[in-house]
Amino acid sequence: MSSTRILPGSRPDADIYALTDSRLSLGRSLEEVASALLGAGIKILQYREKEMDGGEMLEQCRLLRRLTRKASACLIIDDHVDIAMLCGADGVHVGQSDIPVPDVRALVGPDMIIGLSTHSPDQARAAVAVGADYIGVGPIFATQTKKNVCAPVTLEYLDWVVAHIDLPFVAIGGIKEHNIAEVARHGAKCCALVSELVGAPDIASRVAAVRAAMHGTADGQ
């Protein structure tokens, strides 16, 4: 694993949290999409594929491990603790109905990053109590990239997290170039995007545009 624990918002280049989705990648290979994201300066990449055989997922995650290690980027695996361990990922992200964080910790040991999705103040408080390293805050806006997703939690929940939770967090759900500045104004230092990035014809240009919009700069730096 990487010797540096890159958490959402932990440093300036940990501001955009990119997720993979083969359904939205315009027919491009995972290697092509991931290389474009990493080449554009993405430092946190989550592998999220919901409809794929375990063997194929492991092969893809081992590829991503090689690419992210070369780019000094953090690799997070969604849901699949076993695959995260087998490919040597930096972390695993689980949801409210997945394996509980304490049990994940018992499997992965003290060094792997564990992220937990939260949708309410009670869930955020519980995430702190059980030892999550960071939380997902969302969905902020309506999203179509994930099945069985809950209703938007809105910016009101984001405001609550900023005021009451000390853990690093990533805002997620329906975040695009046109609304990321608003999310950032409400205190999000790291925002997760899926279709806006992997579905862009020119991924590098889209990453630069999103980063510029988030920070209110002309070039995203």
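For the structure, see preceding data.
Cut-off values and rules
Residues numbered from 1 in each chain as written. Predicted model: local features only at pLDDT ≥ 70, side-chain atom pairs only at ≥ 80, totals over all residues. Heavy atoms only, no water. Helix = DSSP H or I, 4+ residues; strand = E, 2+ residues; numbered from the N terminus. Rg over C-alpha atoms; globule rule 2.2 N^0.38 Å. Buried < 20%, exposed > 50% of the residue type's maximum accessible area, 1.4 Å probe, protein only. Contact = heavy atoms within 4.5 Å. Areas by Shrake-Rupley, 256 points an atom, 1.4 Å probe, with all protein chains shown as cover. Pairing = 2+ DSSP bridges. Right-handed = clockwise from strand over helix to strand, strands pointing away. Salt bridge = Lys/Arg side-chain N within 4 Å of Asp/Glu carboxyl O. Axes fitted to C-alpha atoms, helices over the stretch in contact; angles between N-to-C directions. Parallel < 35°, antiparallel > 145°, perpendicular 65-115°, else oblique. Left-handed = near helix turned anticlockwise from the far one by under 90°. Nonpolar A, V, L, I, M, F, W, Y, C, P; charged D, E, K, R; others polar.

So, about the overall build of the chain. Assigned secondary structure in the chain consists of nine helices and eight strands. In terms of overall dimensions, the chain is globule-like: its C-alpha atoms have a radius of gyration of 16 Å, near the 17 Å expected for 221 residues. Each principal axis of the C-alpha atoms in the chain carries an extent, and together these give about 40 × 40 × 35 Å. Classification of the 221 residues of the chain by burial places 50% in the buried group. Residue pairs in contact within the chain that sit at least 24 positions apart in sequence constitute 59% of those at least 6 positions apart. Counting only carbon and sulfur atoms, one obtains 52% of the accessible surface of the chain, whose full area is about 10000 Å².

Turning our eyes to something else, we now look at the pairing of strand E2 (residues 44-47). Along E2, one buried face is formed by Ile-44 and Gln-46 and the opposite face, lined by Leu-45 and Tyr-47, is buried too. Across three bridges, the pairing between strand E1 (residues 16-19) and E2 is parallel. The partner of Ala-18 across the bridge, within E2, is Leu-45. Where the polypeptide runs from E1 across helix H1 (residues 30-39) and back to E2, its parallel neighbour, the crossover connection is right-handed. In the sheet, E2 pairs with strand E3 (residues 74-78) via four bridges, with the strands oriented parallel. Its bridge partner lying in E3, Gln-46 is registered against Ile-76. For the crossover from E2 across helix H2 (residues 54-70) to E3, the handedness is right-handed.

All chains considered together, the criterion is met by 10 salt bridges. Arg-11 is paired through a salt bridge with Asp-13; the nearest N and O atoms lie 2.5 Å apart. Salt bridges here are not isolated pairs; linked through shared partners, they connect Arg-5, Arg-105 and Asp-133.

Let us now look at the packing of H1 against H2. Orientation of H1 relative to H2, taken along the N-to-C sense of each, is 25 degrees, at an axis distance of 10 Å. By the angle between their axes, H1 is roughly parallel relative to H2. H2 is crossed by H1, and the crossing has right-handed handedness. On H2, the residues touching Leu-30, Glu-31, Ala-34, Ser-35 and Leu-38 of H1 are Gln-60, Leu-63, Leu-64, Leu-67 and Thr-68. Broken down by class, the residue content of the contact of H1 with H2 amounts to six nonpolar, three polar and one charged.

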